[in-house]
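Inside the fold
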Amino acid sequence: MNMPVEAGNNLVVIDDEPLICEFIADVAGSYGFEVRTCCGLGALAEVLDDFEPSLVLLDLNMPGHDGVEVLRFFASEHHDSSVMLMSGEGGRVLEAALRFGQEIGLNMLGFLEKPLELERLESVLYRNWRGHGLISEDELRLALDQGEFLALFQPRAHREADGSWRVRDVEALIRWQHPRFGLLTPDHFIPLAEELPMIGEMTDRMLEQSVEQIQGWQRTHGMDLGVSINLARTQLNDSGLPDRLLAIAQRRDVDANRITLEVTERGTMRDTAAAVEILTRCRLKQFNLAMDDFGTGFSSLTHLAQLPFNELKIDKSFVSGLETRSSDRVIVRSCIALAHSLGLAVCAEGVESAATFQLLDRMGCDTMQGYWISPPVRAAEIPNLAGNFRYQRL
Ligand code: C2E
Ligand code: CA
Ligand code: CA
């Protein structure tokens with residue numbers, strides 16, 4: 001299936017060597033990028049007049065300019081662009097320029113060493129492609145057959161009866177171990193996979209890996225952890241799903257009540273009747289159900305009340321601004337009250353600081369997930385992380 005190439009994959013190459021510009025333009029063009037090249041700052045301003053780049057490849061060493069001036073220009077005019085530096089010099093100058101770019105608010109991707117290696121360049125282009133069109137159905141199929149999809153696990157902290165916090169379960173998050181481009185996050189392939197029948201198989205594999213791991217953690221460390229997996233929004237009309245998931249859990253002798261299925265509001269809205277039926281059947285089989293990304297969809301209240309959820313996950317877009325935005329505090333407080341009044345547990349996602357954790361603890365949140373506790377990690381790291389995390393309000 002060929003998806004339409006979405007607008008917005010616009011690349012600007014800034015390098016004083018025309019041959020380099022040409023080389024990058026050729027490669028990126030073959031990937032489907034719209035490319036503009038410039039050999040100096042004067043030409044750049046003109047190019048950017050009617051071209052909004054999503055990605056910038058910038059040579060740091062150009063005669064007459066240092067790349068830092070260019071960075072400042074981007075920060076003021078085109079702050080949505082991601083910037084990759086290029087340089088033959090490496091070392092301290094590059095590091096300093098990267099830090100400077102970050103400090104002025106640019107999304108700095110790192111640097112490419114010169115002479116450019118095709119594979120490194122392709123990897124940058126691949127990773128920074130936005131939307132559909134770069135990955136084909138055949139590639140995904142092959143990757144699934146080769147077993148290239150794997151689960152990382154992110155620990156979740158729960159409030160205990162005595163008010164302390166412990167890790168009791170994890171969320172499984174899919175990654176693609178791509179043979180050329182390294183570990184890819186789901187935004188590169190899940191939007192396409194969700195439109196294809198193979199999403200069912202992907203979810204099954206994630207559950208298989210998850211139950212295998214929770215059994216492993218129990219066997220090797222005596223840890224009784226639960227796991228959440230994400231269902232695609234397109235799976236809520238797959239009537240075979242509840243039985244398939246249960247069979248996978250039973251094959252590994254894992255009780256369904258240790259497994260939570262996360263669905264988004266957008267998923268439940270597609271075909272509400274089908275979603276009600278399938279989620280109810282999952283619940284009857286003792287799976288837990290969580291509504292993911294709460295607050296980002298529509299008509300959430302109806303669905304929340306209609307569907308047999310156990311848990312509500314507040315979207316990280318409200319959690320990250322908790323310390324600074326009073327409007328987000330109001331929203332989060334209302335979500336917590338709403339969930340509790342419906343008898344649901346509340347999880348806050350995207351907890352990135354101790355201050356946010358403390359705030360949510362005081363607000364009465366039940367579960368927290370985020371980089372401050374731990375980023376998603378390989379299965380082998382979970383026992384240590386889970387065993388060592390402790391938090392107690394002073
Ligand atoms: P999600 O289910 O909302 O998962 C949480 C995302 O937030 C994860 O991104 C996680 O790495 C990230 N995250 C965790 N803590 C923090 C934090 O403190 N700050 C910030 N900014 N982000 C944090 P990831 O792994 O890239 O997954 C993105 C989305 O892809 C997921 O969002 C989920 O919707 C989807 N996804 C992941 N795994 C699967 C899967 O197996 N199947 C399906 N259908 N979708 C999946
Ligand atoms: Ca999730
Ligand atoms: Ca989420």
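Anything mentioned here points back to the structure above.
So, a few notes on the structure that sits alongside this text. Being a predicted model, the structure only gives us computed values, none of them experimental.

Turning our eyes to something else, we now look at the overall build of the protein. Regarding its fold elements, the protein presents 16 helices and 16 strands. Taking 21 Å as the expected radius of gyration for a compact globule of 394 residues, we find that the protein reaches 23 Å, a close match to that expectation. Along the first, second and third principal axes, the C-alpha set of the protein runs to 65 × 50 × 45 Å. A buried classification covers 52% of the 394 residues belonging to the protein. Of all intrachain contacts in the protein linking residues separated by at least 6 positions in sequence, the fraction that spans at least 24 positions is 70%. Accessible area for the protein stands at about 18,100 Å²; split by element, carbon and sulfur atoms hold 49% of it. Taken as two groups, the 36 positive and 59 negative side-chain charges of the protein have centres that lie 9 Å from each other.

Right, let's talk about the coordination of the calcium ion (ligand 3) for a bit. Donor atoms from the polypeptide that coordinate the calcium ion (ligand 3) comprise D292 (OD), D293 (OD), E349 (OE) and E349 (OE), at 2.2 to 2.5 Å from the metal. In this structure the calcium ion (ligand 2) is found 4.2 Å away from the calcium ion (ligand 3), and D292 serves as a bridging donor for the pair. Here E349 lies in the loop between β15 (345-348) and α15 (354-363) and D293 lies in strand β13 (residues 288-294), a separation of 56 residues in the sequence. In this structure D293 comes out as partly exposed when scored by relative accessible area, which is 24%. You can call E349 buried: its relative accessible area is 8%.

Moving on, we get to the coordination of the calcium ion (ligand 2). At this site the calcium ion (ligand 2) is bound by E171 (OE), N230 (OD1), E262 (OE) and D292 (OD), with donor distances of 2.1 to 2.3 Å. Counting along the primary sequence, the residues that act as donors to the calcium ion (ligand 2) give the motif E-x58-N-x31-E-x29-D.

Further remarks concern the pattern of salt bridges. Note on pairing: side chains with opposite charge can pair once their charged atoms come close. Summed over the entire model, instances satisfying the criterion amount to 28 salt bridges. The closest approach of N and O atoms between E34 and R36, which form a salt bridge, is 3.4 Å. Among the residues examined, R36 registers a relative accessible area of 32% and is labelled partly exposed. In this structure, the salt-bridge partner of R251 is E208, at a minimum N-O distance of 3.9 Å. On the criterion of sequence distance, the pair formed by R251 in helix α9 (residues 241-251) and E208 in helix α8 (residues 199-221) is long-range, its members being 43 residues apart. E208 sits in the partly exposed class, given a relative accessible area of 31%. Bridged by salt links that share partners, the residues D15, E17, D59 and K114 form one connected network.

For the pair helix α1 (residues 18-31) and helix α5 (residues 118-127), interaxial distance at closest approach is 11 Å and the crossing angle is 45 degrees. Here α1 lies oblique to α5, going by the angle between them. Helix-helix and strand crossings are classified by hand; for α1 and α5 the assignment is right-handed. Residues F23, I24, V27, A28 and Y31 of α1 lie in contact with α5, whose contacting residues are L118, L121, E122, L125 and Y126. Broken down by class, the residue content of the contact of α1 with α5 amounts to 9 nonpolar, no polar and 1 charged.

Every one of the 21 residues lining ligand 1 counts as a neighbour, but Q154, R175, D292, E352 and Y371 are closest to it. Interatomic distance of 3.2 Å between a side-chain N/O atom of D293 and an oxygen atom of ligand 1. When ligand 1 is considered free in solution it has 790 Å² of accessible area, and contact with the protein chains removes 83% of it. Mapped onto the shell around ligand 1, the elements with two or more residues apiece are β9 (165-178) and β13. Considering every element that reaches the shell around ligand 1, the biggest residue donor is β9, with 4 residues. Residues that form the shell around ligand 1 fall into these classes: 9 nonpolar, 4 polar and 8 charged.

Turning next to the nonpolar core. Side chains of nonpolar character tend, in soluble globular proteins, to be buried together. Formed by 104 residues in total, the largest nonpolar core has its most connected members in L11, L140, M202 and L360. Here this core gets 7 residues from one element, more than from any other, and that element is α8. In terms of domain composition, this core takes at least three residues from each of domain 1 (10-127) and domain 2 (136-392). Residues I14, L41, L58 and F74 belong to the second largest nonpolar core, which totals 24 residues.

Taking burial as the measure, the 5 residues of strand β3 (residues 55-59) include 5 buried ones, the bulk of the element. What you see with β3 is no split at all: L55, L57 and D59 on one side and V56 and L58 on the other are buried throughout. Relative to β3, strand β1 (residues 10-14) runs parallel, the two being bridged by 4 bridges. Residue V13 lies in a different strand from β3, and its bridge partner there is L57. Of the pairings in the sheet, the one linking β3 to strand β6 (residues 82-87) comprises 5 bridges and is parallel in character. When the sheet's bridge partners are listed, L58 is paired in β6 with L85.

We now examine the packing of aromatic side chains. The geometry of an aromatic ring pair comes down to the distance between the two centres and the angle between the two planes. Taken as a whole, this structure holds 13 aromatic pairs when the rule is applied. A centroid spacing of 5.2 Å and a plane angle of 45 degrees characterise the contact between F149 and F189, whose relative ring orientation is tilted. Highlighted residues: F149 in strand β8 (residues 149-159) and F189 in the loop between β10 (182-184) and α7 (190-193), separated in sequence by 40 residues. Given a relative accessible area of 8%, F149 falls into the buried group. On the basis of relative accessibility, which here comes to 1%, the residue F189 falls in the buried class. Summarising the aromatic geometry, the rings of W372 and F389 are spaced 6.2 Å apart at their centres and angled 90 degrees between planes, so their arrangement reads as edge-to-face. With a gap of 17 residues between them, W372 in the loop between β16 (367-368) and α16 (382-388) and F389 in the segment after α16 connect regions that are remote in the sequence. The buried category is assigned to F389, whose relative accessible area is 10%. Pairwise contacts between aromatic rings join W165, F357, W372, F389 and Y391 into one cluster.

About the criteria used
- Residues numbered from 1 in each chain as written.
- Chains lettered and ligands numbered in written order.
- Predicted model: local features only at pLDDT ≥ 70, side-chain atom pairs only at ≥ 80, totals over all residues.
- Heavy atoms only, no water.
- Helix = DSSP H or I, 4+ residues; strand = E, 2+ residues; numbered from the N terminus.
- Rg over C-alpha atoms; globule rule 2.2 N^0.38 Å.
- Buried < 20%, exposed > 50% of the residue type's maximum accessible area, 1.4 Å probe, protein only.
- Contact = heavy atoms within 4.5 Å.
- Areas by Shrake-Rupley, 256 points an atom, 1.4 Å probe, with all protein chains shown as cover.
- Lys, Arg positive; Asp, Glu negative; His and termini not counted.
- Charge placed at Lys NZ, Arg CZ, Asp CG, Glu CD.
- Donors = N, O, S within 2.8 Å, 3.2 Å for Na, K, Ca; no water.
- Salt bridge = Lys/Arg side-chain N within 4 Å of Asp/Glu carboxyl O.
- Axes fitted to C-alpha atoms, helices over the stretch in contact; angles between N-to-C directions.
- Parallel < 35°, antiparallel > 145°, perpendicular 65-115°, else oblique.
- Left-handed = near helix turned anticlockwise from the far one by under 90°.
- Nonpolar A, V, L, I, M, F, W, Y, C, P; charged D, E, K, R; others polar.
- Near = heavy atom within 4 Å.
- Polar contact = N/O pair within 3.5 Å; in protein donor to acceptor, adjacent residues only side chain to side chain.
- Core = buried A, V, L, I, M, F, W, Y, C linked by side-chain atoms within 4.5 Å.
- Domains from an automatic or database assignment.
- Pairing = 2+ DSSP bridges.
- Phe/Tyr/Trp six-rings, centres within 6.5 Å; stacked < 30°, edge-to-face > 60°.

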